[in-house]
Amino acid sequence: MPAALLWRQMVPWIKLFLAVHKGEEIQMIKGRLTRTVTLLAASALTLGFAATGVGISTAGAATATPGVTATSITIGATVPLSGIAVSYAEVSAAANATFNFINKHGGVNGRKIKYIRLDDCYNLAAYGLGCTAGASTTTLSQTQVLVAQDHVFATVGSLGTAAQDSVLSYMKTNGVPQLFVNSGSSDWSQPSTYPNLFGFQASYQVEGKVFAQYIKTHYKGETVGFIGQNDDFGAGGYAGLVNGGINIASANHLSYNAADPVLGSFSDIGTDVSTLQSDNVKVVVLDSIPGITGAILDTAHQDGYSPKWIISSVGADPISVNSPYEANAITFDSLPATNDKTNPWIPWLRSIILADKTDFPKFTANSPMDGNMLYGAAFAVAFAETLKAEGKTVTRAGFVKTLESTKLATLSITPLQYSKSNHQGLLGGVIANIAPNGSAAPIYFNEPSHVVYTTGNSKNTPIKTLPYVVSPIPAWLK
Amino acid sequence: MTFLRSLRVQETTNARFLCVGLLTILTLGISFVLPPVANSQMAGGAAITIVILGLSWLIGWSGQISLGNSGFMAVGAYAAGIWAHHHATTPLIFTFILATVAGAISGLIIAIPSTRLRGPYLAGMTLAFSAAITPLAQNFTSVTGGEGGLFLNSLSTPSWFLHFFSGPNATINANAQWTADLAVFIAGVSFFFMANLFHSRTGRAMRLVRDNDVAAELVGINLARTRTLAFVVAASFAGLGGALYTVINATVTPQTFPLTLSITLLTLMVLGGIGTLSGAVIGGIIYAFSTNLVAHINSLTGVNPTSNLGSNMQGIIFGALLILTMIFAPRGIAGVGTAVQRLRNARRTALASNGAVD
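What you are looking at is a predicted structure, and each value in this text was computed from that prediction instead of being measured. (Residues numbered from 1 in each chain as written. Chains lettered and ligands numbered in written order. Predicted model: local features only at pLDDT ≥ 70, side-chain atom pairs only at ≥ 80, totals over all residues. Heavy atoms only, no water.)

## Some words on the overall build of chain B
Here is step 1: Check the secondary structure of chain B and you find 17 helices and two strands.
Here is step 2: Rg of the C-alpha trace for chain B: 22 Å, near the compact-globule value of 21 Å for 358 residues, within the 12% margin.
Here is step 3: Within chain B, buried positions represent 56% of all 358 residues.
Here is step 4: In chain B, the 16 positive side-chain charges and the 7 negative ones have mean positions that sit 8 Å from each other. (Helix = DSSP H or I, 4+ residues; strand = E, 2+ residues; numbered from the N terminus. Rg over C-alpha atoms; globule rule 2.2 N^0.38 Å. Buried < 20%, exposed > 50% of the residue type's maximum accessible area, 1.4 Å probe, protein only. Lys, Arg positive; Asp, Glu negative; His and termini not counted. Charge placed at Lys NZ, Arg CZ, Asp CG, Glu CD.)

What follows is the structure, given as structure tokens:
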């Protein structure tokens, strides 16, 4: 009987795990006691650590809606404040500056906005890349602090595709709205599965399709290459290019690993650049974060390689990239150029930052502004406006309903209008170029044509144009 | 009465059951007074405790070095993740058993060459294993979800448990505590198994193989089988720990199990105490609350946490702690008592030899 044979084989293993070798062990009672005491001490230590490290929350739990009191509303975000994606720290700093400005002018419907930002190191804390957070810190653990300790009303502008994907389930289970996720993944627009989840910027697919049209118009017949981050960011951008009708040879479809602990992302970059150079690729599309964009441009320059660079809005901000070789590259933008003299929001934001320099201590009247600041201010204004539109009584369900039905006046150059079916946010943008700055690194975008392109994520949706919009600053924000 | 008498005589399995049971209940009790964030941290610590139990058994008792435990964790985590992703309705226990078995199988595969390797060569091979796991998970996208990983539903808290809670944050607090309690319970069960294993015939055979393999062979212990067994057990514990970690976090991605996690596990085990049961628990506690400790030290010393010094504080503190542990308490925090005893004995002997008997 094979079954009996099998059973006989298993018996010693089961015995092993239960360790029921009868009467073979006499353990010293003393040893047992020692172990018990150690364990008790360890348990006590648990309490001790918890008491020193975890402060008791003071955030208002007085009303039915978490985070909301008669005079305040507490919101939060997990963002990279250290580590590989630290250049994005400015985004939430600008949002905070905007909230502080609003608070100084009496807040929204009598409530001051308290914005708690926690460092999650782009969800890569375990790699310790100059990262503040400890080994057990993740986007989820920091989000738990925001939700379960600080009792935030919602998270606003939390950053990173992989990072925010990792908390979707937690946020949904606990019923906390996840607003204006700072990432162009199309994951944020799934209203039937995640009714409280909202994106902000145009999707990477849309950006890729607009780039595809630009390449087909201006670089017809040229070979095209691609370097992308090896997650949804790179995958979405590449899908957009392909859906837009661009053929990229598989040898020239390259990636870098944002989380490569053994060799680091930079070894990928060297290989990627030399592959494209030896294949004589004339147009290169980059879906990379700013630090990596800069490294790619510098590496290519050292190798004497200068194709036409087309860079995702996520990794193109000239001040963050800080490489002179970015001049004249092409990018995509849903926000105004920071040197746009006609846009009223630019001087408005500058005056806010100069009035209270807590978030930007080194910023002076002559400092150039960058795209990160505009981005942070844009979603901060969008949040404040929705809150104002919702009225004096604030609930999570009411906020979501208001957001789905209000046309928001913010910094973007295309209307921001969520609906029951659109939780993505901005749906398009303009083609911009990076303005040269002599021999120094560029600091400005140019938006030569004010044509806003929009399209859907799928292959068959045609590219259309939208009006270029400059929303007036609402009176209560002036 | 028979049960109580059995505690005093031979059936120490019962004694262990009682001890571990009481401690688990105590910890579950503690979870009622801890704030929800600390409970979430405790859940992670419990998962890591299970992994360290296995690692402590492998390194401390069988004397084989492994840098591959993050890899074994990843195997268990992905087994759990892939199963739960497609079969969300099966009972949780099934997911855990599946992950444990998957971990054991990966341990067996690694163990086959390991019986021929010792010391740094073995470390190198297991290192290669845990380095290979991440790219594997990144590349078989249709199964593993690639870089983005797989998402599971968060643990659902049973309605009877919700009755313990009230107020506007009842659900959040209940969810956090239910996760922690489940994790602590599983860690308790694993602890009981490992405690039995440590003191079983196999455990003693393992120590003999570690200390003197020739002697072990002379008394009839099969070396290859015993060493293989050590890996299989360690890997199944790591698999279970990885699965628990996945269920707690409701997601599994390649970034969760970097090579550095293996080093972290090793550090935690050494700090807690190699080859000790309580050391694994201490390691888990350190893992869970190290962030709080570092933040506390930063705030005490007034170091800006985002400065260069502040962002490296974790490494500085644990590096120093590791060195101090290795010098003054080679058996880790769990062995501090023994180390103090040994120092006192040595002093007494020295005094005695000087003729100054107390």
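Having seen the model, we can carry on.
## Here's the deal with the overall build of chain A
Here is step 1: On a plain count of helices and strands, chain A comes out with 14 helices and 16 strands.
Here is step 2: Each of the 478 residues in chain A was classed as buried or not, and the buried ones make up 58%.
Here is step 3: When contacts within chain A are restricted to residue pairs at least 6 apart in sequence, long-range pairs at least 24 apart make up 70% of them. (Contact = heavy atoms within 4.5 Å.)

## A word on the nonpolar core
Here is step 1: Residues Phe180, Phe200 and Phe383 of chain A are the most contacted members of the largest nonpolar core, which totals 89 residues.
Here is step 2: When residues in this core are grouped by element, the largest group, twelve residues, is from helix 13 (residues 371-390) of chain A.
Here is step 3: If we ignore the near neighbours within four places in the chain, the residues touching phenylalanine 383 of chain A are Ile73, Ile75, Phe99, Ile113, Phe153, Val156, Leu179, Phe180 and Phe399 of chain A.
Here is step 4: Formed by 87 residues, the second largest nonpolar core is a distinct cluster that contains Val75, Ala137, Ala230 and Ile248 of chain B. (Core = buried A, V, L, I, M, F, W, Y, C linked by side-chain atoms within 4.5 Å.)

## What about the side chain of threonine 410 of chain A?
Residues and elements named next belong to chain A.
Here is step 1: Residue placement: threonine 410 occurs in the loop between strand 11 (407-408) and strand 12 (416-417).
Here is step 2: With relative accessibility at 1%, the residue threonine 410 sits in the buried group.
Here is step 3: Within the local environment of threonine 410, its side chain forms a polar contact with the backbone oxygen of alanine 378, the two atoms lying 2.9 Å apart.
Here is step 4: In this structure threonine 410 touches Trp345, Ala378, Val381, Ala382, Glu385, Leu416 and Ser471, once residues within four positions along its chain are discounted. (Polar contact = N/O pair within 3.5 Å; in protein donor to acceptor, adjacent residues only side chain to side chain.)

## With respect to the environment of alanine 288 of chain B
All names here are of chain B.
Here is step 1: If you trace the backbone, alanine 288 turns up in helix 14 (residues 277-301).
Here is step 2: Take alanine 288: its relative accessible area is 4%, and that puts it in the buried class.
Here is step 3: Sequence separation between alanine 288 and leucine 277 is eleven residues, and the spatial gap between their C-alpha atoms is 17 Å.

## What about the packing of aromatic side chains?
Here is step 1: For the structure on display, the rule yields 34 aromatic pairs over all chains.
Here is step 2: Pairing phenylalanine 32 of chain B with phenylalanine 161 of chain B gives two aromatic rings, centres 6.5 Å apart and planes at 50 degrees, and the pair type is tilted. Of the two residues, phenylalanine 32 of chain B is situated in helix 2 (residues 12-33) and phenylalanine 161 of chain B in helix 8 (residues 159-162); the sequence distance between them amounts to 129 residues.
Here is step 3: Take phenylalanine 32 of chain B: its relative accessible area is 44%, and that puts it in the partly exposed class.
Here is step 4: Here the aromatic rings of phenylalanine 161 of chain B and phenylalanine 164 of chain B are separated by 5.6 Å at their centres, their planes lie at 70 degrees, and the arrangement is edge-to-face.
Here is step 5: Among the aromatic residues, ring-to-ring pairing joins Phe180, Phe198, Phe200, Tyr375, Phe379 and Tyr418 of chain A into one connected group.
Here is step 6: Above the ring of tyrosine 194 of chain A, the side-chain terminus of lysine 172 of chain A is found at 5.4 Å from the ring centroid.
Here is step 7: Over the face of the ring belonging to tryptophan 476 of chain A we find lysine 388 of chain A, whose NZ or CZ atom lies 4.8 Å from the ring centre. (Phe/Tyr/Trp six-rings, centres within 6.5 Å; stacked < 30°, edge-to-face > 60°. Lys NZ or Arg CZ within 6 Å of the ring centre and 35° of its normal.)

## Quick notes on the environment of leucine 244 of chain B
Residue and element names in this part refer to chain B.
Here is step 1: Inspection of the secondary structure puts leucine 244 in helix 12 (residues 223-249).
Here is step 2: For leucine 244, a relative accessible area of 1% gives the class buried.
Here is step 3: Linking leucine 244 and leucine 182, residues 62 residues apart in sequence, is a C-alpha distance of 9.2 Å.

## What about unusual backbone geometry?
All names here are of chain A.
Here is step 1: Backbone geometry at tyrosine 122 places phi at a positive 65 degrees, although glycine is not the residue there.
Here is step 2: If you check the backbone angles, asparagine 280 has positive phi at about 55 degrees while not being a glycine.
Here is step 3: Mapped onto the elements, asparagine 280 comes out in the loop between helix 9 (265-278) and strand 8 (283-287).

## Digging into the packing of helix 2 of chain B against helix 9 (residues 170-198) of chain B
Residues and elements named next belong to chain B.
Here is step 1: At a minimum axis separation of 10 Å, helix 2 and helix 9 run at an interaxial angle of 165 degrees. For the element pair helix 2 / helix 9, the angle class is roughly antiparallel. Considering how the two elements wind past one another, helix 2 and helix 9 form a crossing that is right-handed. For the pair helix 2 and helix 9, contact is made by Thr13, Arg16, Phe17, Val20, Thr24, Thr27, Leu28, Ser31 and Phe32 and by Gln177, Asp181, Val184, Phe185, Gly188, Phe191, Phe192, Ala195 and Asn196, respectively.
Here is step 2: Among the residues forming the contact of helix 2 with helix 9, the class breakdown is nine nonpolar, seven polar and two charged. (Axes fitted to C-alpha atoms, helices over the stretch in contact; angles between N-to-C directions. Parallel < 35°, antiparallel > 145°, perpendicular 65-115°, else oblique. Left-handed = near helix turned anticlockwise from the far one by under 90°. Nonpolar A, V, L, I, M, F, W, Y, C, P; charged D, E, K, R; others polar.)

## Points about the packing of helix 3 (residues 36-61) of chain B against helix 10 (residues 201-211) of chain B
Residues and elements named next belong to chain B.
Here is step 1: At a minimum axis distance of 9 Å, the contact between helix 3 and helix 10 shows a crossing angle of 45 degrees. In terms of axis orientation, helix 3 runs oblique to helix 10. Contact residues: helix 3 offers Trp57, Gly60 and Trp61, while helix 10 offers Gly203, Met206, Arg207 and Arg210.
Here is step 2: The residue makeup of the contact of helix 3 with helix 10, split by class, is three nonpolar, two polar and two charged.

## As for the confidence of the model for chain A
Residue and element names in this part refer to chain A.
Here is step 1: For chain A, per-residue confidence averages 85 on the pLDDT scale, and residues scoring 70 or more make up 83% of the total.
Here is step 2: In the model, residues 21-34 has pLDDT below 50 throughout and makes 25 contacts with residues more than four positions away in sequence or in other chains.
Here is step 3: Scored below 50 in pLDDT, residues 43-63 makes 36 contacts in the model with residues more than four places away or belonging to other chains. (pLDDT = per-residue confidence, 0-100.)

## Side note on the side chain of threonine 157 of chain B
Residues and elements named next belong to chain B.
Here is step 1: Counting through the fold element by element, threonine 157 comes out in the loop between strand 1 (150-151) and helix 8.
Here is step 2: Of the polar contacts made by the side chain of threonine 157, one reaches the side chain of asparagine 175; its length is 2.6 Å.
Here is step 3: Threonine 157 has contacts with Ala174, Asn175 and Trp178, leaving out every residue within four places of it along the chain.

## What to know about the pairing of strand 10 (residues 330-333) of chain A
Residue and element names in this part refer to chain A.
Here is step 1: Burial along strand 10 is two-sided: the face carrying Ile330 and Phe332 and the face carrying Thr331 and Asp333 are both buried.
Here is step 2: Pairing geometry for strand 9 (residues 308-311) and strand 10, over two bridges, is parallel. What sits directly across from isoleucine 310, in strand 10, is isoleucine 330.
Here is step 3: By the bridge criterion, four bridges tie strand 10 to strand 13 (residues 428-437) in an arrangement that is antiparallel. Counted as the bridge partner of phenylalanine 332 is isoleucine 431 from strand 13. (Pairing = 2+ DSSP bridges.)

## Quick look at a nonpolar patch on the surface
Residues and elements named next belong to chain B.
Here is step 1: A cluster of nonpolar residues, Ile93, Phe94, Ile97, Leu98, Val101, Ile105 and Ile109, forms a patch on the protein surface that exposes about 640 Å² of accessible area.
Here is step 2: Within the secondary structure, valine 101 sits in helix 5 (residues 92-114).
Here is step 3: Residue class for valine 101 comes out partly exposed when judged on its relative accessible area of 44%. (Patch = residues over 30% accessible without salt bridge, like charges linked within 9 Å, V, L, I, M, F, W, Y side chains within 5 Å. Areas by Shrake-Rupley, 256 points an atom, 1.4 Å probe, with all protein chains shown as cover. Salt bridge = Lys/Arg side-chain N within 4 Å of Asp/Glu carboxyl O.)

## Some words on the pattern of salt bridges
Here is step 1: Evaluated as defined, the whole model comprises six salt bridges over all chains.
Here is step 2: The residue glutamate 404 of chain A makes a salt bridge to lysine 420 of chain A at a minimum N-O spacing of 3.3 Å. In this pair, glutamate 404 of chain A sits in the loop between helix 14 (396-403) and strand 11 while lysine 420 of chain A sits in the loop between strand 12 and strand 13, placing the two residues 16 residues apart along the sequence.
Here is step 3: Take glutamate 404 of chain A: its relative accessible area is 14%, and that puts it in the buried class.
Here is step 4: The residue aspartate 211 of chain B makes a salt bridge to arginine 210 of chain B at a minimum N-O spacing of 2.9 Å.
Here is step 5: On the basis of relative accessible area, arginine 210 of chain B is assigned to the partly exposed category, the value being 32%.

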